[in-house]
Amino acid sequence: MNSATEAFVAHRSLLFTVAYEMLGSAADAEDVLQETWLRWAGVDLGTVRDQRAFLVRITARQALMRLRTLRRRKESYVGPWLPEPLLTAPDVAEDVELADSVSMAMLLVLETLGATERAVFVLREVFDLQYDEIAEAVGKSPAAVRQIAHRARAHVAARRPRGAVSRAEAQDVLDAFRRAVETGDLQRLLDILAPDVVLLGDGGGVVRAVPAPVTGAGEVAPLVAGLARLGAAASLGSAQVNGCPALVLRLNGEIDTVLAVRFDDGLITGLYAVRNPEKLSRVERETAVSR
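To keep things clear, this report deals only with the structure shown in the data block. (Residues numbered from 1 in each chain as written. Predicted model: local features only at pLDDT ≥ 70, side-chain atom pairs only at ≥ 80, totals over all residues. Heavy atoms only, no water.)

Bringing the overall build of the chain into the picture now. Broken down by element type, the chain carries 13 helices and six strands. By the compact-globule yardstick of 19 Å for 291 residues, the chain fits well, its C-alpha radius of gyration being 20 Å. For the chain, the residues scored as buried account for 51% of the 291 residues in total. Taking contacts inside the chain between residues at least 6 apart in sequence as the whole, the part at least 24 apart equals 69%. Seen as two clouds, the 34 positive and the 38 negative side-chain charges of the chain have centres 5 Å apart. (Helix = DSSP H or I, 4+ residues; strand = E, 2+ residues; numbered from the N terminus. Rg over C-alpha atoms; globule rule 2.2 N^0.38 Å. Buried < 20%, exposed > 50% of the residue type's maximum accessible area, 1.4 Å probe, protein only. Contact = heavy atoms within 4.5 Å. Lys, Arg positive; Asp, Glu negative; His and termini not counted. Charge placed at Lys NZ, Arg CZ, Asp CG, Glu CD.)

With that settled, consider helix α9 (residues 131-138). Most of α9 is tucked away: six of the eight residues are buried. The complete set of buried residues in α9 reads Y131, E133, I134, A135, A137 and V138. Elements that come into contact with the buried residues of α9 comprise α4 (51-74), α8 (115-126) and α10 (142-159). Downstream of α9 by a residue or two, G139 has a phi angle that is positive, lying close to 75°.

Now for the environment of V32. Within the secondary structure layout, V32 lies in helix α3 (residues 26-40). For V32 and R61, which are 29 residues apart along the polypeptide, the C-alpha to C-alpha distance reads 9.3 Å. Aside from chain neighbours lying at most four places away, what touches V32 is A19, L23, T59, Q62, A63 and R66.

A few words on the sheet that holds strand β3 (residues 234-241). The strand order β2-β1-β6-β5-β4-β3 describes an open sheet built from six strands, whose pairing is mixed. Strand pairing shows two members of the sheet lacking a second neighbour, β2 (214-215) and β3, which therefore form its edges. Where β3 meets strand β4 (residues 244-251), eight bridges bridge the pair, whose relative direction is antiparallel. Each bridged residue has a counterpart across the sheet, and for S238 the counterpart in β4 is L247. Packing of helix α11 (residues 167-183) onto the sheet brings it into contact with β1 (193-202), β3, β4, β5 (254-264) and β6 (267-274), and relative to β3 it is tilted by some 170°. (Pairing = 2+ DSSP bridges. Axes fitted to C-alpha atoms, helices over the stretch in contact; angles between N-to-C directions.)

All quantities given are derived from atomic positions and should not be read as evidence of function.
Here you go:
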């Protein structure tokens, strides 16, 4: 294995995580890694002072270009678009900052940023790149990057989950939610769901899903309680998805839906049901993510 290959392999999970956090799509992140490798393979390593930072800059530039294309694709997407869920190792949850940065709730917050703002936020807040390094990656001056970072930080802070719960608390709430769903216990669901809870479903036009956001515990609870009617063909299991506790619905042994959850102040405020079959392959095996 030559030096270029060794460096790329050593940082691969980090580079994937950079691309995934910018794009919310594992498939597109893998394409970005292919493009990064092609460019990295042509670099004179003798001119590279910091291989990690250099590789991250290449990845960020490629992801930024792809993000703009992805935004256009999402405009014609059928129904709500949700990030592609990843089955992650238990130790990801132990790195609180990493788990928060790849969580479904955070990725949806990042979706509300412009492309350059998202790139700057991810590179600065998650991967701690210096402003001059980010400037090189996004084609802006360091002064402009500082302003963008400040604006993006304020935007995210206003929208990220309030009153963070611990991993154990989140698991307890999710376990109670699962029991209520399995038994069709409507009152218990109403106790667990926040009054302003939002349910989003992503079927991609391939399978049925709620076509628009459903808001309010009184509307959401009956929908999820209806899963109890699926009977013995259905099983609802726990999994670590995007660094957080989540549920995986299987029908006749096959993954049908990944249900990720947002918690605020001990209640469920967001339910994200990914049903598009094209987005479920990464739940069959663990994906390595890292900072």
